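Take a look at the letters that make up each chain.
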2 protein chains.
Amino acid sequence: MHDSDSIGIVTPQHLHFDSPLQLDSGAILDSYELVYETYGELNAARSNAVLICHALSGNHHVAGVYADNPKNAGWWNNMIGPGKPIDTNRFFVIGINNIGGCHGSTGPATINTKTNKPFGADFPMVTTIDWAETYVRLAQRLNIDQFAAVVGGSLGGMSAMQLSLDAPEKVRHAVVIAAAAKLTAQNIAFNDVARQAIITDPDYHGGDYYAQQTIPRRGLRLARMLGHITYLSDDSMAEKFGRELRSGSLGYNFDVEFQIESYLRYQGDKFAEQFDANTYLLMTKVLDYFDPARDYNNDLSAAFHGVKANFLVLSFSSDWRFSPERSRSIVKALLDNNLNVSYAEIASRHGHDSFLMKDDHYHQLVRSYMNNITT
Amino acid sequence: MHDSDSIGIVTPQHLHFDSPLQLDSGAILDSYELVYETYGELNAARSNAVLICHALSGNHHVAGVYADNPKNAGWWNNMIGPGKPIDTNRFFVIGINNIGGCHGSTGPATINTKTNKPFGADFPMVTTIDWAETYVRLAQRLNIDQFAAVVGGSLGGMSAMQLSLDAPEKVRHAVVIAAAAKLTAQNIAFNDVARQAIITDPDYHGGDYYAQQTIPRRGLRLARMLGHITYLSDDSMAEKFGRELRSGSLGYNFDVEFQIESYLRYQGDKFAEQFDANTYLLMTKVLDYFDPARDYNNDLSAAFHGVKANFLVLSFSSDWRFSPERSRSIVKALLDNNLNVSYAEIASRHGHDSFLMKDDHYHQLVRSYMNNITT
């Protein structure tokens with residue numbers, strides 16, 4: 001990654017939390033560890049911290065590169081850095097890996113000190129409510145009273161919303177991108193097919209595959225292939241792959257024939273080697289469970305009562321996973337509470353994945369919004 | 001099925017074809033058997049035959065019931081019968097099971113007389129072009145010079161189009177419902193995930209699972225769950241299932257929590273016990289391969305040159321698998337060839353599955369069109 005406005009080399013940090021975490025599910029996590037990265041400098045008033053919440057398969061490595069792996073730039077490196085839309089010359093940016101994750105924070109692959117074995121299937125179900133509590137505790141440990149902004153796309157946007165709901169005093173601005181106030185039946189259906197692919201893989205072993213020296217590779221691969229379809233738009237797939245054949249002619253067999261098959265299988269194979277299946281299962285459940293209006297008779301406006309943050313809400317025209325309509329329902333509920341909301345629907349052909357891509361209009365909107373935040 | 005205008009009891013028939021079938025793939029099927037059903041009477045002029053082409057998981061049992069199973073009505077029983085839109089008082093209706101199928105026509109589970117074992121993975125890949133040839137041969141055997149109409153939805157609509165292309169003299173009318181002139185990259189992607197689910201199931205055994213006394217149940221179940229999502233509209237899923245919980249409260253585990261999960265898993269389980277996985281694989285490839293414009297520089301109008309049939313093309317507003325836009329591109333190509341085309345986009349909330357459902361507007365359109373066909 002040769003990038004003149006990159007943050008450069010970054011180093012993950014770890015924090016251990018000893019107070020038990022009472023989870024939304026009723027279970028208790030006795031202690032846990034968070035891995036995180038920071039970019040830029042915390043100012044003297046400690047008022048310029050921006051928390052980045054990751055999506056389903058993301059993590060704390062949001063920007064910059066590691067000294068020993070200079071090609072592995074963070075997943076939002078195009079958005080965050082000196083002079084970038086989220087400008088590390090002004091902001092102290094924090095990327096964290098959520099608990100339940102598989103990149104260093106406590107999760108299913110972590111050794112459970114009670115058993116000296118990985119948690120596996122014993123790792124408790126988590127929700128955005130639990131994550132919001134870990135964000136609050138992280139802020140306390142870093143001596144940050146309030147985040148200047150909490151920013152996320154997709155599940156990360158939901159996590160940002162959740163923190164603004166659960167800890168209104170901690171969030172000055174929330175940037176919610178390509179998200180929804182809850183999943184639809186169709187969203188849940190796709191998640192369940194992905195989960196069933198993993199759970200019915202004979203190598204899943206009820207979640208305790210670590211001890212078997214195996215991983216449910218087949219299931220995780222299918223889950224990722226399927227997920228990928230929902231991240232792209234029909235149009236972007238058509239543009240990028242169309243009906244192009246890999247070898248130029250039909251093979252009349254089940255090997256790769258169309259380029260789209262080659263792409264999806266490659267993405268699935270790669271992911272299956274890198275990501276923990278139990279974490280994938282958990283993350284899809286976090287998505288399914290997110291529904292702040294549930295306890296308010298499905299009245300999202302009532303759910304947002306008490307929120308204090310200012311909001312930037314962004315959606316993408318070709319996102320059929322979380323369509324602009326879903327963002328507008330968030331905007332309406334925020335406006336019903338007389339909150340300050342900026343909203344834009346960005347014309348994009350790249351589907352849900354647009355939130356990760358460099359697009360001038362999109363980046364300019366984030367830049368303008370962030371520039372107007374006083375620190 | 002208590003249905004006063006049902007055809008009543010029907011009986012499948014078999015025909016054996018001894019002339020080798022040269023397949024589109026280059027392979028040769030030495031002989032094959034077709035299973036079919038007929039409803040109504042062939043008139044003296046033998047001019048009132050209507051061929052019904054089935055979709056991915058359909059078969060020859062299109063209407064009526066079997067004496068030993070009076071509840072198992074044919075898959076299009078609401079459309080075909082005395083006084084119904086395709087009126088068996090006027091038409092001699094033929095339902096067939098395509099070769100490659102798993103309901104009686106020669107397919108992967110058929111015993112290969114050369115080996116005395118099921119074909120399994122040795123069954124050759126088939127295409128709509130091969131099926132069209134079998135339709136022509138069937139007509140010859142039944143002494144039918146020309147079908148009054150060839151009718152189908154989804155893959156069945158593609159099969160009807162193919163026959164109108166390959167044997168223009170054999171098709172007086174083609175009724176093409178909820179179809180497309182070719183799959184998009186996204187359509188192919190969904191098919192490939194389904195295929196990979198089956199092929200990577202350890203019980204698939206390279207397609208020769210019959211000898212292992214097992215079936216790739218897990219893979220077929222996933223394929224069907226996924227397929228089902230694409231048959232329904234987002235709205236119809238939301239209406240039918242929403243975010244309703246099965247037990248009324250969250251369980252925080254991977255069992256069924258939402259009603260949509262229960263529905264999909266049930267559909268998947270049921271299908272996996274009834275349908276042959278090798279046939280499923282073949283049928284998805286038939287879909288992928290269908291692309292009459294391929295040999296005409298992607299010019300569908302050029303591909304349709306020489307077609308003689310009159311057409312009724314129907315699409316459904318909420319069908320995102322084969323959207324109305326896809327049907328309109330068929331209509332345009334037909335009009336470019338000065339063919340008679342009637343087209344309607346039917347307002348429906350039921351997605352792709354609408355073509356199987358009873359809807360007044362839809363059925364009235366088919367009825368009017370069919371009534372105007374002289375026999």
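We now turn to the structure provided with this report. This one's a predicted model, so the numbers in the text were calculated from it and none came from an experiment.

### Focus: the pairing of strand β12 (residues 173-177) of chain A
Residue and element names in this part refer to chain A.
In step 1: Most of β12 sits inside the fold, with five of its five residues counted as buried.
In step 2: Every second residue of β12 is oriented toward a common face, with His173, Val175 and Ile177 on one face and Ala174 and Val176 on the other, all of them buried.
In step 3: Examined bridge by bridge, strand β11 (residues 149-153) and β12 share four bridges and lie parallel to one another. Residue glycine 153 lies in a different strand from β12, and its bridge partner there is isoleucine 177.
In step 4: Since β11 and β12 lie parallel, the crossover through helix α2 (residues 155-166) that links them has a hand, and here it is right-handed.
In step 5: In the sheet, β12 pairs with strand β13 (residues 310-316) via five bridges, with the strands oriented parallel. Bridging from a neighbouring strand, valine 176 pairs with valine 313 of β13.

### Digging into the interface of chain A and chain B
In step 1: Listed as interface residues are 53 residues of chain A and, on the opposing side, 53 residues of chain B.
In step 2: For chain A, the biggest contributors to the area lost against chain B are Arg243, Tyr252 and Phe254 of chain A; these three give 18% of the whole.
In step 3: The tally of links between chain A and chain B comes to 10 salt bridges.
In step 4: Put simply, glutamate 261 of chain A and arginine 195 of chain B hold a salt bridge, and the shortest N to O gap is 2.8 Å.

### Focus on helix α9 (residues 324-336) of chain A
Residues and elements named next belong to chain A.
In step 1: For α9, with 13 residues, the first-to-last C-alpha span of 18 Å sits near the 18 Å given by 1.5 Å per residue.
In step 2: Tucked inside the fold, the buried residues of α9 contact α2, β12, α3 (185-199), α8 (300-303), β13 and β14 (341-346).
In step 3: The positive-phi residue at the C-terminal boundary of α9 is asparagine 338, with phi of around 55 degrees.

### With respect to the pattern of salt bridges
In step 1: If you walk through the whole model with that rule in mind, you get 34 salt bridges over all chains.
In step 2: Two residues, arginine 218 of chain B and aspartate 201 of chain B, come together in a salt bridge whose shortest N-O distance is 3.0 Å. Here aspartate 201 of chain B lies in the loop between α3 (185-199) and α4 (217-231) and arginine 218 of chain B lies in helix α4, a separation of 17 residues in the sequence.
In step 3: Judged by relative accessible area, aspartate 201 of chain B falls into the buried class, the value being 6%.
In step 4: In this structure, arginine 218 of chain B and aspartate 203 of chain B form a salt bridge, with 3.1 Å as the shortest nitrogen-oxygen distance. With arginine 218 of chain B in helix α4 and aspartate 203 of chain B in the loop between α3 and α4, the pair connects residues that are 15 residues apart, well separated along the chain.
In step 5: Aspartate 203 of chain B sits in the partly exposed class, given a relative accessible area of 23%.
In step 6: A single salt-bridge network, built from bridges that share partners, covers Asp192, Arg195, Lys285 and Asp288 of chain A together with Glu257, Glu261 and Arg265 of chain B.

### Side note on the nonpolar core
In step 1: Ranked by internal contacts, the top residues of the largest apolar core, which has 193 residues, are Ile94 of chain A together with Ile94 of chain B.
In step 2: Aside from chain neighbours lying at most four places away, what touches isoleucine 94 of chain A is Tyr36, Glu37, Thr38, Ala49, Val50, Leu51, Ile52, Leu138, Leu142, Ile144 and Phe147 of chain A.

### Describing the sheet that holds strand β8 (residues 92-96) of chain A
All names here are of chain A.
In step 1: Pairing is mixed across the open sheet formed by eight strands, whose spatial order is β1-β4-β8-β5-β11-β12-β13-β14. In the strand order of this sheet, the two ends are held by β1 (13-17) and β14, each with one partner. Averaged over all adjacent pairs, the angle separating strand axes in this sheet is 20 degrees, with direction ignored.

### Considerations on the packing of aromatic side chains
In step 1: Under the criterion given, the structure shown has 30 aromatic pairs over all chains.
In step 2: Ring geometry for tyrosine 204 of chain A against tyrosine 209 of chain A: centres 6.1 Å apart, planes inclined by 40 degrees, an arrangement best described as tilted.
In step 3: The buried category is assigned to tyrosine 209 of chain A, whose relative accessible area is 1%.
In step 4: Where tyrosine 252 of chain A meets tyrosine 289 of chain B, the ring centres are 5.1 Å apart and the plane angle is 55 degrees; that geometry is what we call tilted. Of this pair, tyrosine 252 of chain A sits in the loop between α5 (234-240) and α6 (259-274) while tyrosine 289 of chain B is found in helix α7 (residues 277-289), placing the two residues in two different chains.
In step 5: The ring of phenylalanine 271 of chain A carries arginine 224 of chain A above its face, with NZ or CZ at 4.1 Å from the centroid.

### Describing the relation of the copies chain A and chain B
In step 1: Once chain A is rotated about the relating axis by 180 degrees and shifted along it by 0.0 Å, it coincides with chain B to within an RMSD of 0.0 Å. Seen this way, the second copy is the image of the first under a two-fold rotation axis.
In step 2: Of all interface residues in chain A, 100% are interface residues in chain B too; the two copies therefore contact each other through one and the same surface.

### Description of the state of the cysteines
In step 1: In this structure the tally under the stated criterion is zero disulfides over all chains.
In step 2: Lacking any disulfide linkage, cysteine 102 of chain A is separated from the closest cysteine sulfur, that of cysteine 53 of chain A, by 17 Å.

### Some thoughts on the pairing of β11 of chain A
Residue and element names in this part refer to chain A.
In step 1: Of all five residues making up β11, five are buried, and the element is well covered by its neighbours.
In step 2: Alternating positions in β11 separate into two faces, Ala149, Val151 and Gly153 on one and Val150 and Gly152 on the other, with burial throughout.
In step 3: One ladder, built from four bridges, connects strand β5 (residues 49-53) with β11; its direction is parallel. Considered in β11, the bridge of isoleucine 52 is made with valine 151.

### Re the packing of helix α4 (residues 217-231) of chain A against α6 of chain A
Residue and element names in this part refer to chain A.
In step 1: One way to put it is that α4 packs onto α6 with a least axis distance of 8 Å and a crossing angle of 130 degrees. Judged by the inter-axis angle, α4 sits oblique to α6. For the element pair α4 and α6, the recorded crossing hand is right-handed. Contacts between α4 and α6 involve Arg217, Leu220, Arg221, Arg224, Met225, His228 and Ile229 from the first element and Tyr263, Leu264, Arg265, Gln267, Gly268, Asp269, Phe271, Ala272 and Glu273 from the second.
In step 2: Per-class residue counts for the contact of α4 with α6 are seven nonpolar, three polar and six charged.

Basis of the calculations
- Residues numbered from 1 in each chain as written.
- Chains lettered and ligands numbered in written order.
- Predicted model: local features only at pLDDT ≥ 70, side-chain atom pairs only at ≥ 80, totals over all residues.
- Heavy atoms only, no water.
- Buried < 20%, exposed > 50% of the residue type's maximum accessible area, 1.4 Å probe, protein only.
- Helix = DSSP H or I, 4+ residues; strand = E, 2+ residues; numbered from the N terminus.
- Pairing = 2+ DSSP bridges.
- Right-handed = clockwise from strand over helix to strand, strands pointing away.
- Contact = heavy atoms within 4.5 Å.
- Buried area = accessible area lost by both parts, 1.4 Å probe.
- Salt bridge = Lys/Arg side-chain N within 4 Å of Asp/Glu carboxyl O.
- Expected span 1.5 Å × (residues − 1).
- Core = buried A, V, L, I, M, F, W, Y, C linked by side-chain atoms within 4.5 Å.
- Axes fitted to C-alpha atoms, helices over the stretch in contact; angles between N-to-C directions.
- Phe/Tyr/Trp six-rings, centres within 6.5 Å; stacked < 30°, edge-to-face > 60°.
- Lys NZ or Arg CZ within 6 Å of the ring centre and 35° of its normal.
- Least-squares fit on C-alpha atoms with pLDDT ≥ 70 in both.
- Disulfide = S-S within 2.5 Å.
- Parallel < 35°, antiparallel > 145°, perpendicular 65-115°, else oblique.
- Left-handed = near helix turned anticlockwise from the far one by under 90°.
- Nonpolar A, V, L, I, M, F, W, Y, C, P; charged D, E, K, R; others polar.

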